[in-house]
Amino acid sequence: MLDYPQLQALVAIHRRGAFDLAAADLGLTPSAISQRIKALEDRTGCLLLIRTHPVTATEAGMRLIRHAEEVALMETSLAADLALPLGEATALRLAINADSLSTWILPALATVPGFRYDIVIDDQNWSEDWLRRGEVAAAITGTPGPVQGCDSHALGALRYRATASPAFAARWFADGMTAQAFSRAPALAFNAKDRLQHDWATARTGQRIALPVHHLASSHGFVDAAKAGLGWCMNPEALAAPHLASGSLIDLGPPLDTPLYWQAARRTGAALAPLTRAIRAAAAAVLLPD
């Protein structure tokens, strides 16, 4: 049988990226947590951690981490089924895009007891990679999938508006939103993975354009930066609406609707069922039918 305090140490080290940080989280000394990992590696006969900076799990280590997290989730589900008192909240790692966090999903997370969320923020078109690696139990994705071993639920579409300040539009788009204008006008992107601006400009002009971009990893920062005239960008309609109404932002053209999906590991589907229901209900109230 596996030793679950040892597995707990393995999970903590991989998540925190360092022995000393994991030891502090678990209330152990670095020596004690090292002894747990040595014992677990001796027990399994496998190298479980790559001792770099940050420390990461090997393939065998990830398999054990997934097992430990699945067991914790199934125990949470069992406690609910048997009406047992809730013990310590179960750590649950999710991959969610920043715009969903900023507009609609947080109230849904707050309604479900029994979890401590560890949220990885990534673009919806890349978040399913976290599922494939077994790094998260569920994710908001931009593709229906499903990822192998997961169930997929369509949530609806998040509507984006192409926005800019009036002064920015007058300066950069005075002669229209042409390919030439887009190749010069600064755009905003969340990070190098964010292609919304490129997709909208391509649809608007019929040409693929190398946009000059500022990288700004903040949904609310996007709105503020656009209002300040730093660049044009795609903002979720819910965030942009009051600023469009006030005139501090203007709408540059047709909206872009981005479908979203909730994908969750099938083996822990029962344990995640309350969260899945809450997220689907919240999405139905806010997102557009896809």
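Above this text you will find the structure in question.
Below is a short write-up of the structure. As the structure is a prediction and not an experimental result, all values here were calculated from the model.

What the rule picks out here adds up to 7 aromatic pairs. Measuring from ring centre to ring centre gives 5.6 Å for Trp200 and Trp232, while their planes differ by 50°; the resulting arrangement is tilted. With Trp200 in helix H10 (residues 196–205) and Trp232 in the loop between helix H11 (219–228) and strand S9 (233–236), this pair connects stretches of sequence that are 32 residues apart. Taken individually, Trp200 and Trp232 each receive the classification buried, so the pair is uniform in this respect. One aromatic cluster in this structure is built from Phe168, Trp172, Phe173, Phe182, Trp200 and Trp232.

Spanning 15 residues, helix H3 (residues 30–44) covers 21 Å between terminal C-alpha atoms, matching the ideal 21 Å at 1.5 Å per step. All of the buried residues along H3 are Ile33, Ile37, Leu40 and Glu41. The buried residues of H3 occupy one face: seen down the axis, they fall within an arc of 100°. Across from the buried face of H3, at angles greater than 90 degrees, the exposed residues are Gln35, Lys38, Asp42 and Arg43.

Here we come to empty space enclosed by the protein. Under the criterion given, the structure shown has 1 cavity of 30 Å³ or more. Forming the boundary of the largest cavity are 17 residues, of which Ala98, Asp99, Asp123, Phe190 and Asp194 lie nearest the centre. When residues of the lining of the largest cavity are traced back to their parent elements, those giving at least two are helix H5 (98–103), H10, H11 and S9.

Moving on, we come to the pattern of salt bridges. Per the counting criterion, the structure on display carries 15 salt bridges. When the shortest N-O distance is used, the salt bridge between Glu41 and Arg51 registers 3.2 Å. Separated by 10 residues along the polypeptide, Glu41 in helix H3 and Arg51 in the loop between strand S1 (49–50) and strand S2 (56–57) bring together distant segments of the chain. A residue is classified by how much of its surface remains accessible, and Arg51, at 44% relative accessible area, is partly exposed. Across the pair Glu128 and Arg132 runs a salt bridge whose closest N-O atoms are separated by 2.5 Å. Of this pair, Glu128 and Arg132 both sit in helix H7 (residues 128–132), separated by 4 residues, roughly a single helical turn. Counted as one network, the salt bridges with shared partners bring together Arg15, Glu69, Arg93, Asp118 and Glu135.

Moving on: the nonpolar core. Counting residues in hydrophobic clusters, the biggest one holds 47 residues, and the most contacted among them are Trp104, Phe173 and Trp232. Ranked by residues supplied to this core, first place goes to helix H13 (residues 269–286) with 7 residues. If you look at the next biggest cluster of nonpolar residues, it comprises 20 residues, including Leu10, Ala12, Ile37 and Val55.

With that settled, the discussion passes to the layout of surface pockets. Roughly 440 Å³ of volume is contained in the second largest pocket. Arg66, Glu70, Leu131, Gly134 and Ala265 are, among the 20 residues lining the second largest pocket, the residues nearest its centre. Elements that contribute at least two residues to the lining of the second largest pocket include exactly helix H4 (59–81), strand S3 (90–96) and H7. If you tally residues by element for the lining of the second largest pocket, the top one is H4, at 5 residues. Residues that form the lining of the second largest pocket fall into these classes: 9 nonpolar, 4 polar and 7 charged.

Omega for the peptide link from His53 to Pro54 comes to 0°, which places this bond in the cis form. Note that the residue after Gly145, namely Pro146, is joined by a cis bond; omega there is 0°. Tracing the chain through its elements places Pro146 in the loop between strand S5 (138–141) and strand S6 (150–164).

Glancing now at H11. Within H11, the full set of buried residues consists of Ser219, Gly221, Phe222, Val223, Ala225 and Ala226. Considering only its buried residues, H11 is in contact with H5, S6, strand S7 (187–189), H10, S9 and helix H12 (237–246). Its side-chain oxygen 2.8 Å from the backbone nitrogen of Gly221, Ser218 forms the N-cap of H11. Positive backbone phi, at 85°, marks Gly229, one or two positions downstream of H11.

Criteria and cut-off values
- Residues numbered from 1 in each chain as written.
- Predicted model: local features only at pLDDT ≥ 70, side-chain atom pairs only at ≥ 80, totals over all residues.
- Heavy atoms only, no water.
- Phe/Tyr/Trp six-rings, centres within 6.5 Å; stacked < 30°, edge-to-face > 60°.
- Helix = DSSP H or I, 4+ residues; strand = E, 2+ residues; numbered from the N terminus.
- Buried < 20%, exposed > 50% of the residue type's maximum accessible area, 1.4 Å probe, protein only.
- Expected span 1.5 Å × (residues − 1).
- Arc of directions from axis to C-beta.
- 1 Å grid on protein atoms, 1.4 Å probe; cavity = no way out; pocket = protein on both sides within 12 Å on 5 of 7 lines; lining within 4 Å.
- Points joined across faces, edges and corners; volume = space filled by probe spheres on them.
- Salt bridge = Lys/Arg side-chain N within 4 Å of Asp/Glu carboxyl O.
- Core = buried A, V, L, I, M, F, W, Y, C linked by side-chain atoms within 4.5 Å.
- Nonpolar A, V, L, I, M, F, W, Y, C, P; charged D, E, K, R; others polar.
- Contact = heavy atoms within 4.5 Å.
- Polar contact = N/O pair within 3.5 Å; in protein donor to acceptor, adjacent residues only side chain to side chain.

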